[in-house]
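Single-letter residue listing:
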Amino acid sequence: MNVTTSRRIINWISIIGMGFSVALAIYFFNLGLFDDLNALQNLVGGSLIVGPLIFISLQILQVVFPIIPGGVSTAAGVFMFGPVAGFFYNYIGITIGSMIVFLLGRYYGKPFVLSFISEKQYAKYVSYLDNQSRFNKIFALAIFFPLAPDDALCLMAGLTDMSFKKFSWIILLGKPASIFIYSLLLVYGTNFITQFM
(Lines give C-alpha, C1' and ligand atoms only; values in the text may rest on other atoms or scores of the structure.)
Protein backbone atom coordinates (compact mmCIF):
# COMPACT_ATOMS: atom_id res chain seq x y z
CA MET A 1 0.00 0.00 0.00
CA ASN A 2 1.42 3.40 -0.94
CA VAL A 3 1.67 6.41 1.39
CA THR A 4 -1.24 8.30 -0.21
CA THR A 5 -3.65 5.37 0.17
CA SER A 6 -2.63 4.58 3.75
CA ARG A 7 -2.84 8.28 4.71
CA ARG A 8 -6.31 8.50 3.18
CA ILE A 9 -7.46 5.43 5.15
CA ILE A 10 -6.03 6.83 8.40
CA ASN A 11 -7.66 10.23 7.74
CA TRP A 12 -11.05 8.57 7.23
CA ILE A 13 -10.61 6.53 10.40
CA SER A 14 -9.77 9.76 12.26
CA ILE A 15 -12.81 11.57 10.84
CA ILE A 16 -15.11 8.69 11.78
CA GLY A 17 -13.55 8.55 15.25
CA MET A 18 -14.01 12.30 15.69
CA GLY A 19 -17.63 12.10 14.56
CA PHE A 20 -18.26 9.20 16.94
CA SER A 21 -16.65 11.16 19.82
CA VAL A 22 -18.81 14.23 19.15
CA ALA A 23 -21.99 12.12 18.87
CA LEU A 24 -21.15 10.28 22.10
CA ALA A 25 -20.41 13.55 23.92
CA ILE A 26 -23.76 15.01 22.80
CA TYR A 27 -25.54 11.82 23.87
CA PHE A 28 -23.86 11.88 27.31
CA PHE A 29 -24.62 15.61 27.64
CA ASN A 30 -28.31 14.98 26.91
CA LEU A 31 -28.35 12.21 29.52
CA GLY A 32 -27.00 14.72 32.03
CA LEU A 33 -23.87 12.68 32.67
CA PHE A 34 -21.62 15.74 32.64
CA ASP A 35 -23.71 17.26 35.43
CA ASP A 36 -23.60 14.12 37.57
CA LEU A 37 -20.11 12.69 38.06
CA ASN A 38 -21.47 9.61 39.86
CA ALA A 39 -23.70 8.72 36.90
CA LEU A 40 -20.74 9.06 34.52
CA GLN A 41 -18.55 6.89 36.73
CA ASN A 42 -21.31 4.27 37.05
CA LEU A 43 -21.56 4.15 33.26
CA VAL A 44 -17.92 3.10 33.09
CA GLY A 45 -18.74 0.17 35.30
CA GLY A 46 -18.51 -0.67 38.95
CA SER A 47 -15.57 -2.97 38.31
CA LEU A 48 -12.23 -1.68 39.54
CA ILE A 49 -10.46 -3.62 36.79
CA VAL A 50 -12.61 -3.77 33.64
CA GLY A 51 -13.38 -0.03 33.35
CA PRO A 52 -9.75 1.11 33.74
CA LEU A 53 -8.47 -1.65 31.43
CA ILE A 54 -10.92 -0.63 28.70
CA PHE A 55 -10.00 3.02 29.11
CA ILE A 56 -6.23 2.35 29.08
CA SER A 57 -6.67 0.20 25.95
CA LEU A 58 -8.62 3.00 24.23
CA GLN A 59 -5.95 5.51 25.24
CA ILE A 60 -3.22 3.29 23.75
CA LEU A 61 -5.30 2.94 20.59
CA GLN A 62 -5.88 6.69 20.21
CA VAL A 63 -2.12 7.32 20.40
CA VAL A 64 -1.26 4.64 17.84
CA PHE A 65 -4.24 5.30 15.55
CA PRO A 66 -5.73 8.77 16.03
CA ILE A 67 -9.39 7.72 15.98
CA ILE A 68 -10.29 9.89 18.98
CA PRO A 69 -8.75 13.32 19.66
CA GLY A 70 -6.18 12.94 22.44
CA GLY A 71 -7.60 15.86 24.40
CA VAL A 72 -11.06 14.31 24.48
CA SER A 73 -9.83 10.97 25.82
CA THR A 74 -7.54 12.64 28.38
CA ALA A 75 -10.40 14.76 29.73
CA ALA A 76 -12.71 11.73 29.70
CA GLY A 77 -10.26 9.84 31.93
CA VAL A 78 -10.27 12.64 34.50
CA PHE A 79 -14.07 13.00 34.39
CA MET A 80 -14.75 9.27 34.66
CA PHE A 81 -12.16 8.20 37.20
CA GLY A 82 -11.41 11.40 39.09
CA PRO A 83 -8.23 13.50 38.96
CA VAL A 84 -5.83 11.02 40.60
CA ALA A 85 -6.92 7.72 39.03
CA GLY A 86 -7.73 9.49 35.73
CA PHE A 87 -4.23 10.93 35.58
CA PHE A 88 -2.71 7.52 36.37
CA TYR A 89 -4.75 5.69 33.68
CA ASN A 90 -4.04 8.42 31.12
CA TYR A 91 -0.33 8.18 31.93
CA ILE A 92 -0.22 4.40 31.49
CA GLY A 93 -2.18 4.42 28.21
CA ILE A 94 -0.37 7.36 26.62
CA THR A 95 3.06 6.08 27.67
CA ILE A 96 2.48 2.59 26.25
CA GLY A 97 0.95 4.05 23.07
CA SER A 98 3.92 6.41 22.60
CA MET A 99 6.38 3.52 22.93
CA ILE A 100 4.44 1.49 20.37
CA VAL A 101 4.43 4.46 17.96
CA PHE A 102 8.20 4.84 18.34
CA LEU A 103 8.78 1.13 17.61
CA LEU A 104 6.43 1.22 14.60
CA GLY A 105 8.25 4.26 13.20
CA ARG A 106 11.59 2.54 13.70
CA TYR A 107 10.52 -0.77 12.19
CA TYR A 108 8.53 0.51 9.18
CA GLY A 109 10.50 3.70 8.53
CA LYS A 110 9.67 6.84 6.57
CA PRO A 111 6.75 5.43 4.50
CA PHE A 112 4.93 4.49 7.71
CA VAL A 113 5.65 7.88 9.30
CA LEU A 114 4.31 9.66 6.19
CA SER A 115 1.09 7.68 6.51
CA PHE A 116 0.39 9.55 9.74
CA ILE A 117 1.91 12.98 9.23
CA SER A 118 1.87 15.32 6.25
CA GLU A 119 4.85 15.98 4.01
CA LYS A 120 4.85 19.55 5.34
CA GLN A 121 5.01 18.39 8.97
CA TYR A 122 7.68 15.85 8.07
CA ALA A 123 9.75 18.53 6.30
CA LYS A 124 9.43 20.77 9.36
CA TYR A 125 11.10 18.23 11.65
CA VAL A 126 13.38 16.29 9.29
CA SER A 127 16.13 18.92 9.54
CA TYR A 128 16.41 18.15 13.26
CA LEU A 129 17.11 14.48 12.55
CA ASP A 130 20.64 15.23 11.29
CA ASN A 131 21.74 16.43 14.72
CA GLN A 132 20.84 13.74 17.26
CA SER A 133 21.77 15.80 20.31
CA ARG A 134 19.61 18.73 19.18
CA PHE A 135 16.69 16.44 18.32
CA ASN A 136 16.92 14.78 21.77
CA LYS A 137 16.65 18.17 23.49
CA ILE A 138 13.77 19.38 21.31
CA PHE A 139 11.97 16.06 21.73
CA ALA A 140 12.37 16.09 25.54
CA LEU A 141 11.06 19.68 25.75
CA ALA A 142 8.11 18.91 23.47
CA ILE A 143 7.12 15.85 25.51
CA PHE A 144 7.27 17.89 28.72
CA PHE A 145 4.96 20.65 27.47
CA PRO A 146 1.28 20.13 26.58
CA LEU A 147 -0.13 20.89 23.13
CA ALA A 148 3.08 19.81 21.35
CA PRO A 149 2.70 17.39 18.42
CA ASP A 150 3.78 14.44 20.59
CA ASP A 151 2.59 11.61 18.36
CA ALA A 152 4.33 13.04 15.28
CA LEU A 153 7.54 13.54 17.25
CA CYS A 154 7.39 9.99 18.62
CA LEU A 155 7.10 8.70 15.06
CA MET A 156 10.00 10.91 13.96
CA ALA A 157 12.09 9.75 16.92
CA GLY A 158 11.80 6.23 15.53
CA LEU A 159 13.72 7.43 12.46
CA THR A 160 16.66 8.68 14.54
CA ASP A 161 19.50 6.92 16.34
CA MET A 162 17.82 7.53 19.69
CA SER A 163 17.81 4.31 21.70
CA PHE A 164 14.51 2.86 22.87
CA LYS A 165 15.84 3.14 26.44
CA LYS A 166 16.48 6.89 26.12
CA PHE A 167 13.13 7.41 24.38
CA SER A 168 11.37 5.50 27.17
CA TRP A 169 13.02 7.58 29.89
CA ILE A 170 12.05 10.83 28.18
CA ILE A 171 8.45 9.64 27.87
CA LEU A 172 8.28 8.27 31.42
CA LEU A 173 9.70 11.46 32.96
CA GLY A 174 8.22 14.05 30.60
CA LYS A 175 4.68 12.82 30.12
CA PRO A 176 3.40 13.28 33.70
CA ALA A 177 3.80 17.06 33.58
CA SER A 178 2.13 17.48 30.18
CA ILE A 179 -0.75 15.12 31.05
CA PHE A 180 -1.30 16.92 34.36
CA ILE A 181 -1.29 20.40 32.79
CA TYR A 182 -3.41 19.27 29.85
CA SER A 183 -5.95 17.64 32.17
CA LEU A 184 -6.22 20.81 34.27
CA LEU A 185 -6.69 22.98 31.18
CA LEU A 186 -9.38 20.67 29.79
CA VAL A 187 -11.30 20.15 33.02
CA TYR A 188 -11.25 23.75 34.26
CA GLY A 189 -11.67 25.11 30.74
CA THR A 190 -14.76 22.92 30.25
CA ASN A 191 -16.16 24.02 33.61
CA PHE A 192 -15.56 27.67 32.69
CA ILE A 193 -17.34 27.26 29.32
CA THR A 194 -20.32 25.37 30.79
CA GLN A 195 -20.96 28.24 33.24
CA PHE A 196 -21.87 30.42 30.25
CA MET A 197 -24.10 27.84 28.52
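**Student:** Which residues make up the overall build of the protein, and what values go with them?
**Tutor:** The helix and strand inventory of the protein stands at nine helices and zero strands. Going residue by residue from the N terminus, the α and β elements of the protein occur as α-α-α-α-α-α-α-α-α. Here the protein holds 197 residues, and the buried ones make up 39% of them. Across the protein, contacts joining residues at least 24 apart in sequence account for 75% of those joining residues at least 6 apart. Element-wise, carbon and sulfur atoms account for 71% of the exposed surface of the protein, whose accessible area totals about 11300 Å².

**Student:** How would you explain the side chain of Ser-178 if you had to name every residue and give the values?
**Tutor:** In this structure, Ser-178 sits in helix α9 (residues 164–194). Under the relative-accessibility criterion, Ser-178 is labelled buried at 4%. Within polar-contact distance, the side chain of Ser-178 engages the backbone oxygen of Lys-175 at 3.1 Å. Among all residues touching Ser-178, those that are not within four sequence positions of it are Ile-143, Phe-144, Phe-145 and Pro-146.

**Student:** Describe the nonpolar core, and please don't skip the residues or the numbers.
**Tutor:** Most often, soluble globular proteins have nonpolar side chains that are buried together. If you look at the biggest cluster of nonpolar residues, it comprises 35 residues, and the most contacted ones within it are Phe-139, Met-156 and Phe-167. Among the secondary structure elements, those contributing two or more residues to this core are α3 (50–64), α4 (70–81), α5 (83–116), α6 (119–126), α7 (132–144), α8 (150–157) and α9. Among all residues touching Phe-139, those that are not within four sequence positions of it are Leu-153, Cys-154, Ala-157, Met-162, Phe-167, Ile-170 and Ile-171.

**Student:** Break down the packing of α7 against α8 for me, citing the residues and quoting the values.
**Tutor:** The N-to-C vectors of α7 and α8 enclose an angle of 150°; their axes lie 10 Å apart at closest approach. Taken together, α7 and α8 sit at an angle that is classed as roughly antiparallel. α7 and α8 meet at a crossing whose hand is left-handed. When α7 is examined against α8, the residues Phe-135, Phe-139, Ala-142 and Ile-143 are found in contact with a partner set consisting of Asp-150, Leu-153, Cys-154, Met-156 and Ala-157. Considering only residue class, the contact of α7 with α8 consists of eight nonpolar, no polar and one charged.

**Student:** Give me the lowdown on α8, citing residues and values where you can.
**Tutor:** Of all the eight residues making up α8, seven are buried; the element is thus mostly covered by neighbouring parts of the structure. What α8 keeps buried is the set Asp-150, Ala-152, Leu-153, Cys-154, Leu-155, Met-156 and Ala-157.

**Student:** Describe the packing of aromatic side chains, and please don't skip the residues or the numbers.
**Tutor:** Evaluated as defined, the whole model comprises 10 aromatic pairs. Each residue in the set Phe-102, Phe-135, Phe-139, Phe-164 and Phe-167 is aromatic and connected to the rest through ring pairs, giving one cluster.

**Student:** Can you break down the environment of Ser-163 residue by residue, with the values?
**Tutor:** Locating Ser-163 in the fold gives a position in the loop between α8 and α9. Not counting residues within four places of it along the chain, the set of residues in contact with Ser-163 comprises Phe-102 and Arg-106.

Calculation rules
- Residues numbered from 1 in each chain as written.
- Predicted model: local features only at pLDDT ≥ 70, side-chain atom pairs only at ≥ 80, totals over all residues.
- Heavy atoms only, no water.
- Helix = DSSP H or I, 4+ residues; strand = E, 2+ residues; numbered from the N terminus.
- Buried < 20%, exposed > 50% of the residue type's maximum accessible area, 1.4 Å probe, protein only.
- Contact = heavy atoms within 4.5 Å.
- Areas by Shrake-Rupley, 256 points an atom, 1.4 Å probe, with all protein chains shown as cover.
- Polar contact = N/O pair within 3.5 Å; in protein donor to acceptor, adjacent residues only side chain to side chain.
- Core = buried A, V, L, I, M, F, W, Y, C linked by side-chain atoms within 4.5 Å.
- Axes fitted to C-alpha atoms, helices over the stretch in contact; angles between N-to-C directions.
- Parallel < 35°, antiparallel > 145°, perpendicular 65-115°, else oblique.
- Left-handed = near helix turned anticlockwise from the far one by under 90°.
- Nonpolar A, V, L, I, M, F, W, Y, C, P; charged D, E, K, R; others polar.
- Phe/Tyr/Trp six-rings, centres within 6.5 Å; stacked < 30°, edge-to-face > 60°.

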